[in-house]
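The chain contents come next:
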Amino acid sequence: MKNEIRVRMAPSPTGFFHVGSARTALYNWLFARHHKGKFILRVEDTDVARSSEKMIDVILDGLTWLGMNWDEGPYFQSKRLDIYQKYVQQLLDNDLAYYCYCDPEDLEKEKQAAYKSKEDWQYDRRCLKLSPAERAEKEKKKIPKVVRFFIPNQSVSFHDLIHHEIRREAKDIEDLIILRSNGVPTYNLACVVDDYEMGISHVIRAVDHITNTPKQILLFEALGLPKPEYAHLPLILGHDKSKLSKRHGAVSLMSYKEQGYLPGAMVNYLSLLGWSPGDDREMMNTQEIIESFDLNRINPANAVFDETKLEWMNGQYIYGMSNEMLLQQLWPFMIEYGLVKEQDNEKKKSWLLRVCQLVKLRLKTLTDINDVARYFFVEDYEYEEDGLNKHFNAATIRIVEDFLPKLEDIEEYIALSIEESVRNHAETNKLKARQIIHPLRLFITGRQGGPGLFETMVLIGKERCLSRTRRLINDFKKQQEEKTN
Ligand code: GLU
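Here goes a summary of the coordinates provided. In this text the structure is predicted, and so the values were computed from the model without any measurement. (Residues numbered from 1 in each chain as written. Predicted model: local features only at pLDDT ≥ 70, side-chain atom pairs only at ≥ 80, totals over all residues. Heavy atoms only, no water.)

### Overview of the site of the ligand
Our working definition: We call a residue near a molecule or strand whenever a single non-hydrogen atom of that residue lies within 4 Å of it. Pairs of N or O atoms are called polar contacts if they sit within 3.5 Å, as long as, within protein, a hydrogen donor faces a hydrogen acceptor (for residues adjacent in sequence, only side-chain-to-side-chain pairs). Each accessible area is a Shrake-Rupley estimate made with a 1.4 Å probe; only the visible protein chains count as cover when residues are assessed. Residues are called lining when one of their atoms sits within 4 Å of a cavity or pocket point, these points coming from a 1 Å grid over the protein atoms alone, where a cavity is a set in which a 1.4 Å probe fits but cannot get out and a pocket is an open set with protein on both sides within 12 Å along at least five of seven lines. Assignment to a cavity or pocket requires that more than half of a molecule's atoms be within 2 Å of the site's grid points. For this scheme, ten residues count as nonpolar: Ala, Val, Leu, Ile, Met, Phe, Trp, Tyr, Cys and Pro. Four count as charged, namely Asp, Glu, Lys and Arg, and the remainder, Gly too, count as polar.
Taken together, Arg8, Ala10, Pro11, Ser12, Glu44, Tyr187, Cys191, Arg205 and His209 are the residues near the ligand. With respect to the ligand, the backbone of Ala10 contributes an N or O atom lying 2.8 Å from a nitrogen atom. Here a nitrogen atom of the ligand and a side-chain polar atom of Ser12 are 2.9 Å apart. In the complex, the protein chains occlude 79% of the 300 Å² of accessible area that the ligand would expose alone. Among the detected pockets, the ligand sits in the largest pocket. Within the shell around the ligand, the residues separate by chemical class into 4 nonpolar, 2 polar and 3 charged.

Spelled out as structure tokens, the structure:
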């Protein structure tokens, strides 16, 4: 292994941060942190006409959210054009590259025609064969020209740290364009130059780039530059085993933030998409992952993105959090759903922490707070249809109505006294406790399930419990009157 570990994340800015790219970034970052090396950010924006600084923000935000700090950059390739041109010139000077004046549209037509008749097509080096006079003629006419890299006729092999020996015959590779007619380099050239200039020791990227690697190796060799090590990460597939894409649902990293995922859970889950610590640990904090991370334990087989598992893991993280921490994470969502106001954080802090404690087991994502716990905060919660069908009837209403004075009479409004009062009332009236508990829960929370009813009633408060229950009783009576009139 080279002395200094320097890895990079090299996104092409698209205004979108795919979870697959986040996994690639994460593995680079983990590798750098494990080896106390450097994680470098490089924006490969030579292909992009629009402003890339804005588009990179979504990537920087994503990295920051996951806690992946970078040590250098972001470098923008669009601002380094003269560096690439210098290297292209070196290749031209050594006859390892040549000018090509062919019209791209003409070449495209030839290619399409060949494909139609099921023939292979490769650029036939016609511009390499131009005589000095022909070349001078084209120069005189100012025909736009690109620079092509001359692919030597040899086989290229390299050792991939995950896929082991890879070999490719250069005759299958076309003389690739390395500099466009506008002086802007193409991906392979810029990537090679920057991997060298930035002292990259290991190129860790998705396996769909593995076909570029032989081209890049040939470029390194032609330029006389030392090569980095390569590790091509398995793809991430959707549940149907095709490459994970928008068809499968949310694939943008930030949409997971919006859906209420925790960065720690996200890092933990993404770290396991292709890697494992070698024992049966699954729940690991970032520090533990850094300590165990090793390229040797990356599985070359493609990994399947399992949202249910991610959701489960997120739930585990939520459950494992302190109430204080959870409240802090939930806060922006609770504000958004109108469950709290800014000033409540001060005024109702201890009550809020108790609500967190009571519901945390039921939250898989932070956004679940609105569904799982809305009734603690506001009166406009909904009633489960099925519950109303069961409990919104004369017999049940009578039971609850009979019980209400007992609830009113409780002096010390704690879970134990509420429970005692429910059980005593049931016994005296030859009822089962659940005949009171179930409708009471529905009337007070709108739901048929949830955390312990008596604890819930304590947090909602006696007055609110009474008024919610009375409201339903009155609604029922009103409905009956309307029916009889
Ligand atoms: N810009 C390339 C991409 O976004 C990076 C390829 C590489 O890592 O070499 O896929």
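That covers the picture; the talk isn't over yet.
### Digging into the environment of Leu253
Going by this rule: Strands are runs of DSSP state E lasting at least 2 residues, helices are runs of H or I lasting at least 4, and numbering of each runs from the N terminus. Residue contacts are counted whenever heavy atoms from the two residues lie within 4.5 Å of one another.
Summarising the element assignment, Leu253 is placed in helix H8 (residues 253–258). Distance from Leu253 to Ser21, taken between C-alpha atoms, is 8.9 Å for residues 232 residues apart in sequence. Leu253 has contacts with Phe17, Val19, Ala22, Gly62, Trp65, Leu66 and Met266, leaving out every residue within four places of it along the chain.

### Considering the sheet that holds strand E2 (residues 38–43)
Let me state the cut-off plainly: The criterion for strand pairing is that DSSP finds at least two bridges linking the strands in question. Axis geometry follows a simple rule: fit a line to the C-alpha atoms, using only the stretch in contact for helices, then measure angles between N-to-C directions, giving values from 0 to 180 degrees.
The strand order E1-E2-E3 describes an open sheet built from 3 strands, whose pairing is parallel. Two strands close off the open sheet at either side, each with one partner strand: strand E1 (6–9) and strand E3 (72–76). Pairs of neighbouring strands in the sheet enclose a mean axial angle of 25 degrees, with direction left out of account. As judged from the 4 bridges shared by E1 and E2, these two strands associate in the parallel manner. Paired with Arg8 across the bridge in E2 is Ile40.

### Structural notes on the pattern of salt bridges
To keep it simple, the criterion reads: The salt bridge criterion pairs a side-chain nitrogen of Lys or Arg with a carboxyl oxygen of Asp or Glu, the two atoms within 4 Å. Here's how the labels work: a residue is buried when its accessible area is under 20% of the maximum for its type, exposed when over 50%, partly exposed in between, all with a 1.4 Å probe on protein chains only.
One pass over the full model with this rule turns up 31 salt bridges. The residue Asp194 makes a salt bridge to Arg80 at a minimum N-O spacing of 2.8 Å. Of this pair, Asp194 sits in helix H6 (residues 187–197) while Arg80 sits in the loop between E3 and helix H3 (81–93), and the two are 114 residues apart along the sequence. Overall, Arg80 belongs to the buried group, its relative accessible area being 14%. A salt bridge links Lys390 to Asp386; the nearest nitrogen and oxygen atoms lie 3.7 Å apart. Placement of the pair is Lys390 and Asp386 together in helix H16 (residues 385–391), with a separation of 4 residues, close to one helical turn. We classify Lys390 as partly exposed; its relative accessible area is 46%. Overall, the relative accessible area of 44% leaves Asp386 in the partly exposed class. Because the salt bridges share partners, they merge into one network encompassing Arg8, Arg42, Glu44, Arg80, Asp194 and Asp195.

### Examining H3
Using the following cut-off: Here the expected length of a helix is defined as 1.5 Å per residue gap, with one fewer gap than residues.
The first and last C-alpha atoms of H3 sit 18 Å apart over 13 residues, in line with the 18 Å expected at 1.5 Å per residue. Where H3 is buried, its residues contact strand E4 (97–100), strand E5 (146–149), strand E8 (177–179), H6 and helix H7 (213–223). Two residues or fewer past H3, Asp95 is found with a positive phi of approximately 60 degrees.

### Quick word on the environment of Leu161
Here Leu161 shows up in the loop between strand E6 (155–160) and strand E7 (164–169). Residue classification places Leu161 among the partly exposed residues on the basis of a relative accessible area of 26%. Linking Leu161 and Glu229, residues 68 residues apart in sequence, is a C-alpha distance of 7.5 Å. Dropping the residues within four chain positions of it, Leu161 is found in contact with His202, Glu229, Tyr230, Ala231 and Leu295.

Function cannot be read off these values alone, since they describe shape.
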